[in-house]
Amino acid sequence: MSEKISKGIINAYGLGELGFIIMMTLATTYYSYFLTDVAMIGAAAMGTILLVARIVDAVSVPIAGATIEKSSMKWGKYRSWVLVSPPFILLFFIMMFTNVNMSPEIKAVYLGGAYIIAHVCVNLGYTSYLSLIPVLGVDPGDRLLLASRRGQANAAGKIIFSLIAMPLVIALGAGNEAKGFFLTTILFTCMMITGFYIVANISKKYDVNLGTIAKKEKLSTTEMLSQVFTNKPLLLLMLTEITRWTSMFALYGLAAYYFKYVVNNMIMISVFFTSVNVAMLVGTTAAQFIAQRIDKRNTYLCGLSILLAGLIGTWLFADNATTFIALMTIGYFGFAFGNNLNTAMYSDAVDYGEWKTGKNARGFVMSMFSLPVKIGIAIGGAASGYGLAAIGYVANAEMTPQLVSGINMLITILPASFVVIGILSMFFYNLNSEKIKQMQLEIQQRKAIEA
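From a predicted model like this one, the values you see are computed outputs, not experimental measurements.

Rules used in this analysis
Residues numbered from 1 in each chain as written. Predicted model: local features only at pLDDT ≥ 70, side-chain atom pairs only at ≥ 80, totals over all residues. Heavy atoms only, no water. Helix = DSSP H or I, 4+ residues; strand = E, 2+ residues; numbered from the N terminus. Expected span 1.5 Å × (residues − 1). Buried < 20%, exposed > 50% of the residue type's maximum accessible area, 1.4 Å probe, protein only. Polar contact = N/O pair within 3.5 Å; in protein donor to acceptor, adjacent residues only side chain to side chain. Phe/Tyr/Trp six-rings, centres within 6.5 Å; stacked < 30°, edge-to-face > 60°. Lys NZ or Arg CZ within 6 Å of the ring centre and 35° of its normal. Patch = residues over 30% accessible without salt bridge, like charges linked within 9 Å, V, L, I, M, F, W, Y side chains within 5 Å. Areas by Shrake-Rupley, 256 points an atom, 1.4 Å probe, with all protein chains shown as cover. Salt bridge = Lys/Arg side-chain N within 4 Å of Asp/Glu carboxyl O. Axes fitted to C-alpha atoms, helices over the stretch in contact; angles between N-to-C directions. Left-handed = near helix turned anticlockwise from the far one by under 90°. Nonpolar A, V, L, I, M, F, W, Y, C, P; charged D, E, K, R; others polar. Arc of directions from axis to C-beta. Contact = heavy atoms within 4.5 Å.

Relative to the 45 Å expected for 31 residues at 1.5 Å per residue, helix H9 (residues 232-262) spans 43 Å between its end C-alpha atoms, a close match to the ideal helical length. Across the 31 residues of H9, 26 count as buried, placing the element largely inside the fold. Where H9 begins, one side-chain oxygen reaches toward the backbone nitrogen of Leu 234, 3.1 Å away; that side chain belongs to Asn 231. Residue Asn 264 follows H9 closely and has a positive phi angle near 60°.

Below, the discussion takes up the packing of aromatic side chains. For the structure shown, the criterion picks out 32 aromatic pairs. Measuring from ring centre to ring centre gives 6.4 Å for Tyr 33 and Phe 181, while their planes differ by 50°; the resulting arrangement is tilted. Residue Tyr 33 is located in helix H1 (residues 7-38), and its partner Phe 181 is located in helix H6 (residues 177-202); the two are separated by 148 residues in the primary sequence. In this structure, Arg 244 is placed above the aromatic ring of Trp 245, and the distance from its NZ or CZ to the ring centre is 4.7 Å.

Here we come to a nonpolar patch on the surface. Together, Ile 312, Trp 315, Leu 316, Phe 317 and Met 409 line one region of the surface with nonpolar side chains, adding up to about 520 Å² of accessible area. By the secondary structure assignment, Ile 312 is in helix H11 (residues 296-317).

Another aspect to go through is the packing of helix H10 (residues 268-294) against helix H12 (residues 321-357). Direction vectors running N to C along H10 and H12 enclose 35°, while the axes themselves pass 6 Å from each other. The chirality of how H10 crosses H12 is right-handed. Taken together, the residues that form the contact of H10 with H12 break down as 21 nonpolar, seven polar and no charged.

The subject of this paragraph is the pattern of salt bridges. For the structure shown, the criterion picks out six salt bridges. Between Asp 57 and Lys 374 there is a salt bridge, with its nearest N and O atoms 3.6 Å apart. One end of the pair, Asp 57, is in helix H2 (residues 43-70); the other, Lys 374, is in helix H14 (residues 370-390), and 317 residues separate them in sequence. Residues Asp 57 and Lys 374 agree in their burial class; the two are buried. We note a salt bridge from Glu 241 to Arg 244, for which the minimum N-O separation is 2.9 Å. Of this pair, Glu 241 and Arg 244 both sit in helix H9, three residues apart, which is roughly one turn of the helix.

For helix H16 (residues 433-450), with 18 residues, the first-to-last C-alpha span of 26 Å sits near the 26 Å given by 1.5 Å per residue. Buried within H16 we find Ile 436, Met 439 and Ile 443. Buried residues in H16, looked at end-on, bunch into an arc of 65°, giving them a common side. H16 presents Glu 434, Lys 437, Gln 444, Ala 448 and Ile 449 as exposed residues on the side facing more than 90 degrees away from its buried surface. Its buried side turned inward, H16 meets H12.

Right under this line is the structure:
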């Protein structure tokens, strides 16, 4: 039960995250821009499309988690979905970035529908990918290494994306943005499917005969839901994560407009994303050492405070692209603290739930990891769209000083407002390392008595 796995398996596991995050970042960063400036859908309509599609996406997360927990396919409980989902993800992601020749109304339904189906498939595949961590790493040290490698691959993937995404769109499109996005999407989805199949291959001998285990510890739907709604630390963590991700996706969704209309240089967006993603890689590493001194919750709060300071500082002092990028880089150094700590804090919430209810719902609770991201994408995208409509934005129209000022405010104050809510929420989160150790001890004692 304590057999350790090789470094090769740990490193290969990270490849699944690397290809996946490059593909996903294309959607979270450029899809609103694709809808307005490539598909020529109005800003308010874009906000509505993304709001509806992303709400459905978010609702599908717990359904996906429950489906995976109750499923039992022949290739393994979790590995099966890592094998089955990628071809469907590839197909519908490509459809998302296809500018079809239809009326605006039908096109909106087509693109919104492709988004929904693509992301439902993502939820099944990615939740299963995350759930392989305790399957591959029975040893606690291996689990930590697998989770860390996932976080590092996430940050590295975003850096790679920052360097190559827009240059690829421009180069492959050769003056045709629709063609550039279409071909870039094909390339990125192929990277995703390659990474997931590598993970499926290395997990082949580990994810076996789990159907029998699952039956012994099977939870009803009501019991799974109660693990969420009676778990105060989990709910507070999810609320804080929702606001943190919303702030990022609102800013990322507005970045293309900022560099196109305020800076007048779209290629600078690659410099921006490269800079902030390098800062997040450094921040992810730094958070590990800071948390050893001041615990996870306080480190998380520290990171949110740095992010808020960066956003407010950008609003007050950034009067050119260089200052904008520098101040945002500082802010996203702090943002990355949460990227390092959130998986561990969700694991703490699993222990709290088992301590409180006597039931272990690790798979279902860990599926909640994706829910704040999905909700953040939905709220951030809708807020960006409605915000652009409120300031009178029209695609490719001549910019006025009022519109430039409006975009500057949207890209800083809008995400900052969500960060403030997150900071307030985290103040009520009261789990720390000592409490977790005590709960784990009590859980072990209960199991010993039952045995």
